[in-house]
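A closer look at the structure
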Amino acid sequence: MKKILKNERQRTLFLMTAPVLILFFCFNTLPLIKGFYYGLTNFKGYGSYDFVGLRNFIDLFQDVRVGKSYIFTFKYAIVCTIIVNVVSLLLALGLNSKIKGKSVLRGIYFIPNILGGLVIGYIFGFIFTYILPTLGQMLGIGFLSESILSRSNTAWIGIVIVGAWQAIAMNTIIYISGLQTVPEDVYEAGAIDGVSGWSKFKGITFPLIMPFFTINMVLCMKNFLMVFDQIMSLTKGGPSQSTESISYLIYNNGMSGGQFGFQSASAFVFFVVIVVISVLQMKFLGNKEEQL
């Protein structure tokens with residue numbers, strides 16, 4: 001009887017997981033394999049193609065444009081990750097405190113995450129291009145007198161503002177979830193020992209929500225490294241390719257530039273880079289969790 005129940009349980013588990021594994025293989029693993037294969041060819045996205053071996057991968061590491069895109073992508077991802085986690089944690093601490101209407105405020109702060117990235121980008125693009133320059137001219141502020149998206153040294157700031165504004169919502173919710181797992185008696189014990197303010201956060205709150213901090217850091221870095229919507233809607237990689245991310249370069253040159261094979265190789269390498277960074281983050285932050 002026990003053997004029959006065990007077999008039934010295993011069959012049920014298999015039937016539950018099999019569709020997920022099939023979908024994962026079809027929409028994740030198979031495209032990755034095909035992308036690697038196309039990266040070994042000179043495929044233009046149409047017509048016939050030839051096998052060129054590792055030539056695309058070798059050329060990838062010698063391409064100056066790809067190098068500039070990686071520099072911009074990493075700069076954007078690091079800056080946004082820091083800003084988003086600092087602001088999100090501060091908001092979460094405020095929204096988790098005993099204030100009136102905090103449920104409504106949580107809903108309001110989550111709205112940016114519901115809206116599409118392209119929609120938000122076009123709205124902010126209008127603000128940066130027309131509204132802020134008009135205000136800058138009226139108030140005599142030289143920095144705002146022209147669109148920040150029109151200058152190579154400031155265009156990335158607009159992309160950071162839009163990306164961070166949208167990402168803060170989800171991170172805040174995750175931090176609030178972490179703060180709600182901290183037992184109240186821990187704070188009471190700390191209060192008896194005279195712990196308050198910054199010491200309370202540093203010694204009690206942050207160590208207990210460290211796993212949530214790890215999740216946010218890894219997700220933030222991964223998502224910001226793959227930035228696309230904001231660049232597509234705000235700058236399209238300009239001015240002078242100064243805001244061209246790897247994802248946008250792969251899309252632009254792969255789909256319309258006749259470099260499908262080359263950009264497939266670039267996409268595969270970029271996938272490996274993201275995986276390596278995520279693993280290193282999890283390992284480093286995991287060690288920090290154990291130390292705390």
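Residues numbered from 1 in each chain as written. Predicted model: local features only at pLDDT ≥ 70, side-chain atom pairs only at ≥ 80, totals over all residues. Heavy atoms only, no water.

What follows is about the packing of aromatic side chains. This model, assessed by the stated rule, comprises 21 aromatic pairs. With 5.0 Å between their ring centres and 20° between their planes, Tyr38 and Phe43 make a pair best called stacked. The interplanar angle of 25° and the centroid separation of 6.1 Å between the aromatic rings of Tyr70 and Phe74 together place this pair among those described as stacked. Of the two residues, Tyr70 and Phe74 both sit in helix H3 (residues 64-95), four residues apart, roughly one turn of that helix. Here a set of aromatic residues connected by ring pairs shows up, and it is made of Tyr37, Tyr38, Phe43, Tyr49 and Phe260. Sitting over the face of the ring of Trp156, Lys75 holds its NZ or CZ atom 4.7 Å from the ring centroid. (Phe/Tyr/Trp six-rings, centres within 6.5 Å; stacked < 30°, edge-to-face > 60°. Helix = DSSP H or I, 4+ residues; strand = E, 2+ residues; numbered from the N terminus. Lys NZ or Arg CZ within 6 Å of the ring centre and 35° of its normal.)

This next bit is on the pattern of salt bridges. One pass over the full model with this rule turns up two salt bridges. One salt bridge connects Arg151 with Glu146, and the closest N-O pair in it is separated by 3.6 Å. Judged by its relative accessible area of 43%, Glu146 is partly exposed. (Salt bridge = Lys/Arg side-chain N within 4 Å of Asp/Glu carboxyl O. Buried < 20%, exposed > 50% of the residue type's maximum accessible area, 1.4 Å probe, protein only.)

The next thing to look at is the side chain of Arg151. Here Arg151 is to be found in the loop between helix H5 (117-139) and helix H6 (155-179). Leaving out residues up to four positions away in the same chain, Arg151 has contacts with Phe143, Glu146 and Pro239. (Contact = heavy atoms within 4.5 Å.)

The next point concerns H6. Spanning 25 residues, H6 covers 36 Å between terminal C-alpha atoms, matching the ideal 36 Å at 1.5 Å per step. Taking burial as the measure, the 25 residues of H6 include 18 buried ones, the bulk of the element. (Expected span 1.5 Å × (residues − 1).)

A word on the packing of H3 against H6. It is the contact of H3 with H6, at a shortest axis distance of 6 Å, that shows an interaxial angle of 40°. Between H3 and H6, the angle falls in the class oblique. The crossing of H3 and H6 is right-handed. Here the residues of the contact of H3 with H6 sort into 21 nonpolar, five polar and one charged. (Axes fitted to C-alpha atoms, helices over the stretch in contact; angles between N-to-C directions. Parallel < 35°, antiparallel > 145°, perpendicular 65-115°, else oblique. Left-handed = near helix turned anticlockwise from the far one by under 90°. Nonpolar A, V, L, I, M, F, W, Y, C, P; charged D, E, K, R; others polar.)

Further remarks concern the environment of Tyr38. With respect to the secondary-structure elements, Tyr38 resides in helix H1 (residues 2-38). A relative accessible area of 18% means that Tyr38 is categorised as buried. Sequence separation of Tyr38 and Gln137 is 99 residues, and the distance between their C-alpha atoms is 51 Å.

Once that is clear, we can look at the packing of helix H7 (residues 184-192) against helix H8 (residues 197-208). Axis separation between H7 and H8 bottoms out at 11 Å; the angle between their running directions is 160°. The angle between the axes of H7 and H8 places the two elements in the roughly antiparallel class. Here H7 runs over H8; the crossing is right-handed. Facing Val186, Tyr187 and Gly190 of H7, the residues of H8 in contact are Lys200, Ile204, Thr205 and Leu208. When the residues that make up the contact of H7 with H8 are grouped by side-chain class, the tally is four nonpolar, two polar and one charged.

The next subject is a nonpolar patch on the surface. The grouping of Ile99, Val104, Leu105, Ile108, Tyr109, Ile111, Leu115 and Trp165 at the surface amounts to a nonpolar patch, some 680 Å² of accessible area in total. In terms of residue count, the dominant contributor to the nonpolar patch is helix H4 (residues 102-114) (five residues). Take Val104: it is sitting in helix H4. Judged by its relative accessible area of 56%, Val104 falls in the exposed class. (Patch = residues over 30% accessible without salt bridge, like charges linked within 9 Å, V, L, I, M, F, W, Y side chains within 5 Å. Areas by Shrake-Rupley, 256 points an atom, 1.4 Å probe, with all protein chains shown as cover.)

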